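If you want the building blocks of each chain, they are given just below.
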Amino acid sequence: MDQRNNGGEGGGKRGGWSWWYLLFVIQFAVALWPPLYNRVDPTWIGIPFFYWFQMLWVIVSAVSTVVVYLATEH
Amino acid sequence: MEHVNWVALGIFVLLFGLISWLGFAAARWRRGDLDQLHEWGLGGRRFGTFVTWFLIGGDIYTAYTFIAVPALAFGAGAVAFFAVPYTIIIYPLLFLVFRRLWHVCHRHGYITAGDFVRGRFGNRWLALAITVTGIVATMPYIALQLVGIQVVVGALGISGTGLMGDMPLIVAFLVLAAFTYSSGLRAPASIAVVKDILIYTTALAAVVVIPIELGGFAKIFAAVPAQKLILAAPGPHSSGAYSNYATLALGSALALFLYPHSLTAILSASSGHAIRRNAAMLPGYTLMLGLLALLGFFVIAAGVDKLPEYAAGFKQFGNNFAVPALLLHSFPSWFVGIAFAAIGVGALVPAAITSIAAANLYTRNIHREFINQNPTDKQEAQMAKWVSLVVKAGALVFIVFVPTQYAIQLQLLGGIWIIQTLPAVMLGAYTRWFNDWALLIGWAAGTAAGTGLAVAMQLKGTYPLIIGGFTIPGYIAVWTVLLNLVVAVLLTPLLNALGPRRAPRDATVAADYMA
């Protein structure tokens with residue numbers, strides 16, 4: 001699968017588009033939409049939602065990035 | 001501040017000595033001919049996933065981050081947490097865009113963004129604009145790292161007036177300059193590993209031990225005033241704090257990998273796989289940044305800003321003294337020594353990478369392009385080594401003679417400037433559609449507008465954009481890079497029609513951007 005695609009537009013096995021990248025869009029949209037998480041309740045071990053949700057979203061994003069990596073690497 | 005904390009100082013000096021030795025010894029690590037620029041300035045592009053992780057981490061999590069992010073949380077509250085969505089965004093960017101850049105730079109032997117733009121668009125003036133922006137934007141970044149060292153040295157109890165007061169800083173920088181000169185990028189790469197072990201230890205200890213001392217997170221957040229706890233809800237006809245928060249995160253993320261030192265760390269990776277793997281692994285750092293931001297609230301809850309023994313520190317360093325005071329208050333002296341060494345070394349790593357990146361830029365894209373077009377490999381590497389010294393001396397002079405506040409404001413301007421290279425560098429990684437002169441004019445428009453708006457807003461960084469009676473406050477970098485893009489898009493067909501009819505110059509082909 002090492003053939004190079006001189007056209008560049010679509011069809012490239014590596015470096016081209018993959019539908020898996022849509023996971024990144026979800027990652028971005030949530031992270032950049034503060035009304036979603038700008039609240040105090042529910043708290044978790046005393047930490048307001050605003051803080052623990054964004055930290056949790058880091059973990060979700062990390063997992064989704066690993067999924068995209070594994071799905072597009074081969 | 002009256003008496004020196006000898007135990008902490010002893011451990012601090014010991015760790016600093018160890019790090020310096022490591023910096024010099026690094027010259028022999030993965031040995032290469034340091035008389036070649038790509039060996040000195042990119043570590044021979046030999047760093048695998050592991051080392052690249054620490055190098056990129058060394059760029060993102062610096063002494064200044066360690067001091068300033070909690071200081072912002074302490075002073076301004078929730079908005080400081082924009083650092084978290086910011087880091088959520090950077091990794092997909094790394095994954096998609098910068099892997100392409102790695103491939104094309106690897107294939108053509110490019111070592112700077114200027115090299116890439118010169119090859120892609122065949123326009124030396126556009127490359128010069130990218131280069132000068134990179135150098136100018138990174139200078140205050142080095143100076144800021146020195147602020148980090150200044151604060152911890154002050155917190156150790158060492159004070160003095162005039163040149164004596166700056167002595168520790170000068171010594172630290174002489175050592176830094178010497179090992180950067182002799183070892184090149186291998187020095188910060190090897191130190192970065194130790195730095196991260198120290199920083200992780202400190203951060204984990206702080207978020208576990210201090211909340212226990214303070215009686216749990218519920219008590220800590222109860223001490224935080226309501227207006228600092230979450231973002232203020234926007235009023236009518238305005239997106240208020242929400243758009244501020246989101247554009248700060250987005251703009252900072254877009255700017256990050258355009259900085260020369262980030263690109264240097266990326267290009268030193270041994271493969272595109274290493275870049276992608278890093279994008280998947282680096283969020284481990286992000287969690288730590290979030291935890292660090294929480295330290296600002298620990299400061300509020302512990303009330304260290306009201307204790308008389310730290311009053312002098314807060315008076316001298318302002319909110320930047322919050323973290324050192326908290327560490328002094330919460331930990332035994334020996335651990336304070338480790339924590340402060342972590343911050344100090346956290347300054348050396350990015351300062352070294354940055355000065356190397358600036359040296360690479362000057363040598364390749366100014367000296368070689370405009371002064372001596374056919375240097376030998378040895379002349380080129382020697383030039384870069386000298387420039388790295390000049391850059392650091394400049395930063396040192398800046399921090400000794402210019403008020404700290406200016407360094408912070410210049411850093412803010414640096415972000416606004418560097419993001420203007422986005423159309424040529426990041427979009428250039430995908431398309432050659434843009435006309436090179438249109439990109440240059442777009443860059444000039446964005447840079448001028450960004451600087452003007454920032455000055456008009458008294459260097460606050462955000463500007464309330466008003467569209468049809470609706471106010472959208474946001475990061476100036478985002479507004480002005482949009483202007484930059486609009487100008488470049490509108491002028492491209494126009495200039496193409498006016499210009500000579502020929503295929504656009506491009507030294508790269510589509511296949512160069514892929515594995």
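Residues numbered from 1 in each chain as written. Chains lettered and ligands numbered in written order. Predicted model: local features only at pLDDT ≥ 70, side-chain atom pairs only at ≥ 80, totals over all residues.

Here we look at the overall build of chain B
- Per the secondary structure count, chain B includes 24 helices and two strands.
- Taking 24 Å as the expected radius of gyration for a compact globule of 515 residues, we find that chain B reaches 23 Å, a close match to that expectation.
- For chain B, the spread of C-alpha atoms along the three principal axes comes to 75 × 60 × 40 Å.
- Within chain B, the proportion of its 515 residues that are buried is 58%. (Helix = DSSP H or I, 4+ residues; strand = E, 2+ residues; numbered from the N terminus. Rg over C-alpha atoms; globule rule 2.2 N^0.38 Å. Buried ≥ 20, exposed ≤ 12 C-beta atoms within 10 Å, placed from the backbone.)

As for the overall build of chain A
- A tally of helices and strands in chain A yields two helices and zero strands.
- Across the 74 residues in chain A, those meeting the buried criterion constitute 26%.
- Sequence separation of at least 24 residues holds for 38% of the intrachain contacts in chain A that already meet a minimum separation of 6. (Contact = placed C-beta atoms within 7 Å.)

A closer look at unusual backbone geometry
Residues and elements named next belong to chain A.
- With an omega of 0°, the peptide bond between Asp41 and Pro42 qualifies as cis.
- Note on placement: Pro42 falls in the loop between helix 1 (22-31) and helix 2 (49-73).
- One non-glycine residue, Ile45, adopts positive backbone phi at about 40°.
- As for its position among the elements, Ile45 is in the loop between helix 1 and helix 2.

As for the interface of chain A and chain B
- Contact residues are listed per partner, giving 34 residues for chain A and 37 residues for chain B.
- Of all the elements in the fold, those that place two or more residues in the side of chain A that touches chain B are helix 1 and helix 2 of chain A.
- In terms of residues, the side of chain A that touches chain B owes the most to one element, helix 2 of chain A, which gives 11 residues.
- Each residue belonging to the side of chain A that touches chain B can be placed in one class, and the counts come to 19 nonpolar, 12 polar and three charged. (Nonpolar A, V, L, I, M, F, W, Y, C, P; charged D, E, K, R; others polar.)

Some remarks on helix 15 (residues 272-281) of chain B
- Counting buried positions along helix 15 of chain B yields nine of 10 residues, so the element is predominantly enclosed.
- Every buried residue of helix 15 of chain B is accounted for by B:Gly272, B:Ala274, B:Ile275, B:Arg276, B:Arg277, B:Asn278, B:Ala279, B:Ala280 and B:Met281.

So, the confidence of the model for chain A
- Per-residue confidence for chain A gives a mean pLDDT of 79; residues scoring 70 or more make up 77%.
- Considering only residues more than four positions removed or in separate chains, one finds that residues 1-13 of chain A, a stretch of pLDDT under 50, has 17 contacts. (pLDDT = per-residue confidence, 0-100.)

Describing the pairing of strand 1 (residues 462-467) of chain B
Residues and elements named next belong to chain B.
- Judged from the six bridges that link them, strand 1 and strand 2 (residues 470-475) form a sheet pairing that is antiparallel. What sits directly across from Ile466, in strand 2, is Thr471.
- With antiparallel pairing between neighbouring strands as the criterion, strand 1 and strand 2 make up a hairpin whose turn holds two residues, including Gly468 at a positive phi of roughly 55°. (Pairing = 2+ DSSP bridges.)

Overview of the environment of B:Thr354
All names here are of chain B.
- By the secondary structure assignment, Thr354 is in helix 19 (residues 333-371).
- When the C-alpha atoms of Thr354 and Leu453 are compared, they prove to be 27 Å apart, with 99 residues separating the residues in sequence.
- When sequence neighbours within four positions are dropped, the list of residues in contact with Thr354 reads Thr138, Tyr141, Ile142 and His261.

Some remarks on the packing of helix 1 of chain A against helix 2 of chain A
Residues and elements named next belong to chain A.
- Between helix 1 and helix 2, whose axes approach to 10 Å, the crossing angle comes to 165°. Classified by the angle their axes make, helix 1 and helix 2 are roughly antiparallel. Taken as a pair, helix 1 and helix 2 cross one another with a handedness that is left-handed. Of the residues in helix 2, those touching helix 1 at Leu23, Phe24, Gln27, Val30 and Ala31 are Trp57, Ser61, Ser64, Val67 and Val68.
- Looking at the contact of helix 1 with helix 2 residue by residue, the classes come out as seven nonpolar, three polar and no charged. (Axes fitted to C-alpha atoms, helices over the stretch in contact; angles between N-to-C directions. Parallel < 35°, antiparallel > 145°, perpendicular 65-115°, else oblique. Left-handed = near helix turned anticlockwise from the far one by under 90°.)

Considerations on the environment of B:Ala129
Residue and element names in this part refer to chain B.
- Considering the arrangement of structural elements, one finds Ala129 in helix 7 (residues 124-155).
- Using a count of 21 C-beta atoms within 10 Å as the deciding quantity, one classes Ala129 as buried.
- As for Ala129 and Ile220, which are separated by 91 residues in sequence, their C-alpha atoms are 48 Å apart.
- With near-sequence residues (within four places) excluded, Ala129 lies in contact with Leu440 and Trp443.

Quick notes on the nonpolar core
- Counting residues in hydrophobic clusters, the biggest one holds 204 residues, and the most contacted among them are B:Ala249, B:Phe298, B:Leu326, B:Phe340 and B:Val425.
- Counting residues per element, this core draws most heavily on helix 19 of chain B, at 19 residues. (Core = buried A, V, L, I, M, F, W, Y, C linked by C-beta atoms within 7 Å.)

Quick look at the confidence of the model for chain B
- Per-residue confidence for chain B gives a mean pLDDT of 87; residues scoring 70 or more make up 98%.
- Among the prediction metrics, the complex's ipTM stands at 0.86, with pTM recorded as 0.89.

Describing helix 7 of chain B
- In this model helix 7 of chain B runs 47 Å from its N-terminal to its C-terminal C-alpha over 32 residues, within 8% of the 46 Å that 1.5 Å per residue would give.
- Positive backbone phi, at 100°, marks B:Gly157, one or two positions downstream of helix 7 of chain B. (Expected span 1.5 Å × (residues − 1).)

Notes on the environment of B:Ala274
- Along the chain, the position of B:Ala274 falls in helix 15.
- Excluding anything up to four places from it in sequence, B:Ala274 contacts B:Gly48, B:Thr49, B:Thr52 and B:Ala269.

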